[in-house]
Amino acid sequence: MIAPLAPPMALLAELTHRCALKCPYCSNPLELERRSAELDTPTWLRVVDEAAALGVLQISFSGGEPMLRPDLPILVARAAERGLYTNLITSGVGFAPEALQRVAEAGLDHVQLSVQGVEDAAADHVSGLRGSAAQKRRLAAEIARLGLRLTLNAVVHRGNVAQIPALVRLAEDWGAARVEIAHVQYYGWAVENRGRLMPTRAQVETATADLAAERARTAGRLVIDAVLPDYYASYPKPCMGGWGAQNINVTPSGRVLPCHAAETIPHLVFDNVRDRPLAEIWRESATFNAYRGTDWMREPCRSCERRERDFGGCRCQALLFAGDAAATDPACRLSPLHDVLLAVAERDSASEAGVYAYRGYARS
């Protein structure tokens, strides 16, 4: 059933897909949106106003690299005026660190800075840009100077999963209040690179132990969040806290999604903020209502005691493996495809695939 619809907690505003980095696990879609398609400033300001009126509590300005939008201070200021908690999700690359001061003065509350590793050469290799690690260090120093709250986001995979203790220490050195250890989630660009990124089960078990040790060591000083890889799970994660339950994602061109990967589901039609108010999309959109609640579920999800805890898991992962977005997420041990998912993980973690398929507008 569908519970009474509460307002969304958070809006992810993807201002642009432009970015200096080429990370092979980027969460942006394979077909990146061009600058010419991006929403203009007045439209984004209206989206911020509509989000606040709808009851959104937090807005995250993301991309690509949101600092490449010259109107970012204007958008942050409007969000702050409307009482929204403002978060900047940045690569830390491609702009002068002092540009952050204008955004901070506009009312920014928090920065989430991504890192690709603790060693410059290896981190630069993953990002596809020489010198990117050094640029991130300079931005971290500017964040500290401005007194902004910092979360360090470390995406981990086969090549750097052993660095978790060092990544936590890097977060401490940079003055972060929180670190997110996020194993690669295999959608979009990460699927293209699964044979280069997938860790072994032994690596994941070691990483889990490392996380426990680091949490104990930093208790009371640093919050450590972790997102484990679905392919070694027994049960799935709830998609964004439940499809259409807590979050709204607006793409650079204005399409409104229940999650950042939802465009991989071909039968869904996404409303656009250019054409329809955000509140109307949230409440009435066929796409947002497609997998809300539990009425859409089939067995074994429909009668499962976990159905209102994980909401059937990820619809995009179900589509990837079952060819059907309404199927049980194969990350669940009750799925008939669970063994297939595990076999893919074992195969790809043993792969000796070489060069990354880097994110970019021109795909090979």
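Look up a bit, the structure's there.
Residues numbered from 1 in each chain as written. Predicted model: local features only at pLDDT ≥ 70, side-chain atom pairs only at ≥ 80, totals over all residues. Heavy atoms only, no water.

A. Local environment of the pattern of salt bridges. This model, assessed by the stated rule, comprises 26 salt bridges. Residue Arg78 is joined to Glu81 by a salt bridge in which the shortest nitrogen-to-oxygen separation is 3.9 Å. Note that Arg78 and Glu81 are positioned in helix H2 (residues 72-81) at a spacing of three residues, about one turn of the helix. Notably, a salt bridge pairs Arg178 with Asp225, separated by 2.6 Å at the nearest N-O pair. In this pair, Arg178 is assigned in strand S6 (residues 178-183) and Asp225 in strand S7 (residues 223-227), connecting sequence segments 47 residues apart. Since its relative accessible area comes to 24%, Arg178 is described here as partly exposed. If you follow the salt bridges from partner to partner, you end up with Arg169, Glu172, Glu214, Arg217 and Arg221 in one network. (Salt bridge = Lys/Arg side-chain N within 4 Å of Asp/Glu carboxyl O. Helix = DSSP H or I, 4+ residues; strand = E, 2+ residues; numbered from the N terminus. Buried < 20%, exposed > 50% of the residue type's maximum accessible area, 1.4 Å probe, protein only.)

B. View of the nonpolar core. Counting residues in each nonpolar core, the largest one holds 60 residues, and the members touching the most others are Phe61, Leu100, Leu152, Ile248 and Val250. A per-element tally of this core places helix H1 (residues 41-54) first, with six residues. Here Ile248 is in contact with Pro8, Ala10, Leu11, Leu12, Leu54, Val256, Leu257, Leu278, Trp282 and Phe288, once residues within four sequence places are set aside. (Core = buried A, V, L, I, M, F, W, Y, C linked by side-chain atoms within 4.5 Å. Contact = heavy atoms within 4.5 Å.)

C. Inspection of the packing of helix H4 (residues 120-127) against helix H5 (residues 132-146) at higher detail. Taken N-terminus to C-terminus, the directions of H4 and H5 make an angle of 105°; their axes are 7 Å apart at the nearest point. As judged from the angle between their axes, H4 and H5 are roughly perpendicular. Facing H4, whose interface residues are Asp120, Ala123, Asp124 and Ser127, H5 presents Ser132, Ala133, Ala134 and Arg137. By residue class, the composition of the contact of H4 with H5 is three nonpolar, two polar and three charged. (Axes fitted to C-alpha atoms, helices over the stretch in contact; angles between N-to-C directions. Parallel < 35°, antiparallel > 145°, perpendicular 65-115°, else oblique. Nonpolar A, V, L, I, M, F, W, Y, C, P; charged D, E, K, R; others polar.)

D. Spatial organisation of the sheet that holds S7. Overall, mixed pairing links the nine strands, which are arranged S7-S6-S5-S4-S3-S2-S1-S8-S9 in an open sheet. Lying at the two open borders of the sheet, with one neighbouring strand each, are S7 and strand S9 (256-257). As paired elements, strand S3 (residues 85-90) and strand S4 (residues 110-115) share four bridges and run parallel to each other. The residue of S4 that forms the bridge with Asn87 is His110. The strands touched by H1 are strand S1 (10-14), strand S2 (58-62) and strand S8 (247-250); relative to S1, the strand with the most contacts, the crossing angle is about 170°. Against the sheet, helix H9 (residues 201-218) engages S6 and S7, with an angle of about 165° to S7. (Pairing = 2+ DSSP bridges.)

E. Focus on the packing of H1 against H2. Taken N-terminus to C-terminus, the directions of H1 and H2 make an angle of 20°; their axes are 9 Å apart at the nearest point. Relative to H2, H1 is oriented roughly parallel. The hand of the H1/H2 crossing is right-handed. On the side of H1, the interface is formed by Thr41, Trp44, Leu45, Val48 and Asp49, while H2 contributes Ile74, Leu75, Arg78 and Ala79. In the contact of H1 with H2, the residues fall into six nonpolar, one polar and two charged. (Left-handed = near helix turned anticlockwise from the far one by under 90°.)

F. Geometry of the packing of aromatic side chains. Following the criterion strictly, the structure yields six aromatic pairs and no others. Their ring planes at 65° and their centres at 5.7 Å tell us that Trp282 and Phe288 sit as a pair that is edge-to-face. The exposure class assigned to Trp282 is buried, which follows from its relative accessible area of 1%. Note on Tyr291 and Trp296: the rings are 5.2 Å apart at their centroids and 80° apart in plane angle, and the pair reads as edge-to-face. The side chain of Arg292 reaches across the aromatic face of Trp282, ending 4.6 Å from its centre. Cation over ring: Arg306 sits above Tyr235, and NZ or CZ is 4.0 Å from the ring centre. (Phe/Tyr/Trp six-rings, centres within 6.5 Å; stacked < 30°, edge-to-face > 60°. Lys NZ or Arg CZ within 6 Å of the ring centre and 35° of its normal.)

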